[in-house]
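Structural features, examined
One letter stands for each residue in the lines below.
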Amino acid sequence: MNKLLAFFQEPSAVRLAIAPEVLATLVEKGELHATDFRCLDLRSKGIVWKMFLLLAMSKLGGNLHHSERH
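In this report, the structure presented in the accompanying data block is examined. The residue numbers shown here count from 1 along each chain, following its written sequence. Thresholds applied to this predicted model are a pLDDT of at least 70 for local features of residues and 80 or more for the giving and counting of side-chain atom pairs; totals over whole chains, interfaces and linings are not thresholded and use all residues. Hydrogens and waters are ignored; side-chain quantities use all the structure's heavy atoms.

**A look at the layout of surface pockets**
Its boundaries defined by the atoms lining it, the largest pocket holds a volume of some 710 Å³. Along the wall of the largest pocket there are 21 residues; nearest its centre are Leu16, Ile18, Phe37, Arg38 and Cys39. Numbering of helices and strands starts at the N terminus; helices are DSSP runs of H or I of at least 4 residues and strands are runs of E of at least 2. Breaking the lining of the largest pocket down by element, the ones donating at least two residues are helix H2 (20-28) and helix H3 (42-69). Per-element tally for the lining of the largest pocket: the top contributor is H3, with 4 residues. Three classes are used, and their members are as follows: Ala, Val, Leu, Ile, Met, Phe, Trp, Tyr, Cys and Pro are nonpolar, Asp, Glu, Lys and Arg are charged, and the others, Gly among them, are polar. Within the lining of the largest pocket, the residues separate by chemical class into 14 nonpolar, 2 polar and 5 charged. Any residue with an atom within 4 Å of a point lines the site, the site being either a cavity, points on a 1 Å grid over the protein atoms alone where a 1.4 Å probe fits but cannot get out, or a pocket, an open set with protein on both sides within 12 Å along at least 5 of 7 lines. Grid points are joined across faces, edges and corners, and a volume is the space filled by probe spheres set on the points.

Given below as structure tokens:
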């Protein structure tokens, strides 16, 4: 029974801060995905939104340049 109670006392999330550069590196390498976390304030959400937008633009730009060469 103690094991069962210990299970319910565990937090459902770990709250931590991470530098935007570290987050960007993890996302770019595919080691962390948007569905793996959620932002706790609007400023952080804006930073993450811009980060994913720039990543998507760079991937699209890379594909456009690649297809223009062939």
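There is more to say, and it comes next.
**So, the environment of His33**
Assignment of secondary structure puts His33 in the loop between H2 and H3. For the pair His33 and Leu23, spaced 10 residues apart in sequence, the C-alpha to C-alpha distance is 9.9 Å. Reaching out from His33, the side chain makes a polar contact with the backbone oxygen of Gly30 at a distance of 3.2 Å. Two N or O atoms form a polar contact when they lie within 3.5 Å of each other; inside protein one atom must be a possible hydrogen donor and the other a possible acceptor, and for residues adjacent in sequence the pair counts only when both atoms belong to side chains.

**As for a nonpolar patch on the surface**
Residues with no salt bridge and a relative accessible area higher than 30% make up the patches, which join like charges within 9 Å and nonpolar side chains (Val, Leu, Ile, Met, Phe, Trp, Tyr) within 5 Å. Computed by Shrake-Rupley with a 1.4 Å probe, the accessible areas treat only the displayed protein chains as cover when residues are assessed. Basic side-chain nitrogens of Lys or Arg form a salt bridge, by our definition, when they fall within 4 Å of a carboxyl oxygen of Asp or Glu. Together, Val14, Leu16, Ile18 and Val22 line one region of the surface with nonpolar side chains, adding up to about 410 Å² of accessible area. You can see Val14 is positioned in the loop between helix H1 (2-9) and H2. Per-residue accessibility, obtained with a 1.4 Å probe over protein chains only, is compared with the maximum for each type, and a residue is labelled buried under 20%, exposed over 50%, and partly exposed between these values. Residue classification places Val14 among the exposed residues on the basis of a relative accessible area of 69%.

**Focus: the nonpolar core**
Among the buried residues, those of types Ala, Val, Leu, Ile, Met, Phe, Trp, Tyr and Cys that are joined through side-chain atoms within 4.5 Å form a nonpolar core. Judged by nonpolar contacts, Leu23, Val27, Val48, Met51 and Leu55 together constitute the single largest core of 5 residues. Every element with two or more residues in this core is listed here: H2 and H3. Looking at this core element by element, the count peaks at 3 residues for H3. Note on definitions: a residue-residue contact is assigned when non-hydrogen atoms from the two residues lie within 4.5 Å. Leu23 has contacts with Ile18, Leu32, Phe37, Val48 and Met51, leaving out every residue within four places of it along the chain.

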